[in-house]
Amino acid sequence: MSPQLIDERLAGIYQDVLKRNPGEVEFHQAVAEVLESLGPVVTKHPEYLERKIIERIAEPERQIIFRVPWQDDKGQVHINRGFRVEFNSALGPYKGGLRFHPSVYLGIIKFLGFEQIFKNSLTGMPIGGGKGGSDFDPKGKTDDEVMRFCQSFMTELYRHIGEHTDVPAGDIGVGGREIGYMFGQYKRITNRWEAGVLTGKGLKFGGSLVRPEATGYGATYFINEALKVRKDSFDGKTCLVSGSGNVAIYTIEKIHQLGGKCIACSDSNGVIIHEKGLDVELIKQLKEVERRRIADYATYHKDAKYIANGNIWDIPCQVAMPSATQNEINGKDAKTLVKNGCIAVGEGANMPTTPEGIKVFLEAQIAYGPGKAANAGGVATSALEMQQNAQRDSWSFEETEKKLEKIMVGIHKLCYETAEEYGDKGNYVTGANIAGFIKVADAMVAHGLV
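What counts, and at which threshold
Residues numbered from 1 in each chain as written. Predicted model: local features only at pLDDT ≥ 70, side-chain atom pairs only at ≥ 80, totals over all residues. Heavy atoms only, no water. Pairing = 2+ DSSP bridges. Helix = DSSP H or I, 4+ residues; strand = E, 2+ residues; numbered from the N terminus. Axes fitted to C-alpha atoms, helices over the stretch in contact; angles between N-to-C directions. Parallel < 35°, antiparallel > 145°, perpendicular 65-115°, else oblique. Left-handed = near helix turned anticlockwise from the far one by under 90°. Contact = heavy atoms within 4.5 Å. Nonpolar A, V, L, I, M, F, W, Y, C, P; charged D, E, K, R; others polar. 1 Å grid on protein atoms, 1.4 Å probe; cavity = no way out; pocket = protein on both sides within 12 Å on 5 of 7 lines; lining within 4 Å. Points joined across faces, edges and corners; volume = space filled by probe spheres on them.

K.L.:
Quick one: what's the story with the sheet that holds strand S11 (residues 344-346), residue by residue and with numbers?
P.N.:
Spatial strand order, S9-S8-S7-S6-S10-S11-S12: seven strands in an open sheet with mixed pairing. Lying at the two open borders of the sheet, with one neighbouring strand each, are strand S9 (305-308) and strand S12 (367-369). For this sheet the average axis-to-axis angle between neighbouring strands, irrespective of direction, equals 15°. Sheet topology note: the strand S10 (residues 319-321)/S11 ladder contains two bridges and is parallel. Along S11, the bridge assignment pairs Ala 320 with Val 345.

Encoded structure:
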């Protein structure tokens, strides 16, 4: 896909986005991908153009950038940059994760926040879209250093968030440890036990069961539904899952539960291949407990093979689940996957496929679940955590997982039916973009010019 595919009535809007947001290439890509789907929508709903709904959606309601000073264990002072982009609150308080990674800059946060608007809309939950983070790298830092950074970060962020305003969660580099430190600092500064202000909390202080599993489980449920439509299933399928963080681990786990066999995963250093099927419990131990590299997997399973700096998408599979980071599958990778017999791709990461890659998948007519639909399980379960916090309640694992599965089945149905309604049957990109957009647009029309 390319911006040339944008309807001429929307082309000027895209050019304005480029002009107003120079250098933010990931944000440009995210906006172009949504605009390419909206031609038929503005034909049916000319009021969206008249009221400048698209221009308003593409401009965040608020962008916050701040300095985060902190000290390491040796007493050295470091300065990082913090971000929170509160993108759209038409459907509810801003909701979206915090990412701590050296690659973070305003363009990344805006792309993630823009995607989050439509992802959150698709869940059917009353949550708006936002995103935040920092260029801080938690890798190689001690627990005390991470704590000091999180406390400094929250000392500024606290004034912009709240359970009825903006509810951050985790993302890359921000797990239960980081959320715990930030929640403690928020409580300390505000003198309020406001459990609903952050999600992804520990189970002992207001967290939800299934939250760690939610994004991976949700993406797998979505692709399971897409396979069902094609009279197929995960049963006996060879699968690849990129990454080995939270999303990847629980995608692998759910694939195995549904009868598939995941044979490879990765981290930023390389790829591990285990033809017998990955040992998910070992990956949990290495990554979640010991924080080690995936290369160490091969020391426990001698029949596994590690490829330093390898490309996981070169391995033949029937189902691919990119679960690492943005733009990890390019056009060449997509062609290789299709040529090797891949029939389904489910995005556990945000925007992991380049526009060229998406074009290849759509032309091959495989079951392609874009991130804003397929990986919505994480934020859906965050919203379930907010519900439990509001009710001062906690639900069982089974009850929460059942709610998650119901939400993901509903998202798949909505995307599938919307694509069919707009004359593009089976295209989940069209379905997700249009269904997510219309709900937000209608709420914005109802709220007037704000």
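K.L.:
Lay out the sheet that holds strand S5 (residues 166-169) with the relevant residues and their values.
P.N.:
Paired through backbone hydrogen bonds, the strands of a sheet run either parallel or antiparallel to each other. Ordered in space as S1-S2-S4-S3-S5, the five strands form an open sheet in which the pairing is mixed. Strand pairing shows two members of the sheet lacking a second neighbour, strand S1 (62-71) and S5, which therefore form its edges. Pairwise comparison of adjacent strand axes, ignoring direction, gives a mean angle of 20° for this sheet. Both strand S3 (residues 94-100) and S5 contribute to a ladder of four bridges, which runs parallel.

K.L.:
Before we move on, could you go through the packing of helix H16 (residues 377-391) against helix H17 (residues 397-421) and cite the residues and values that matter?
P.N.:
Following both chains from N to C, one finds H16 and H17 inclined at 130°, their axes separated by 10 Å at the closest point. Taken together, the axes of H16 and H17 are oblique relative to one another. Between H16 and H17 lies a crossing of right-handed hand. Facing H16, whose interface residues are Gly 377, Ala 380, Thr 381 and Leu 384, H17 presents Thr 400, Lys 403, Leu 404, Ile 407 and Met 408. For the contact of H16 with H17, the per-class residue count stands at five nonpolar, three polar and one charged.

K.L.:
Go over empty space enclosed by the protein, please, and point to the residues and values.
P.N.:
Applying the stated criterion across every chain yields a total of one cavity of 30 Å³ or more. If you add up the space inside the largest cavity, you get close to 40 Å³. Looking at the lining of the largest cavity element by element, the count peaks at three residues for helix H2 (residues 25-35). In the lining of the largest cavity, the residues fall into ten nonpolar, no polar and no charged.

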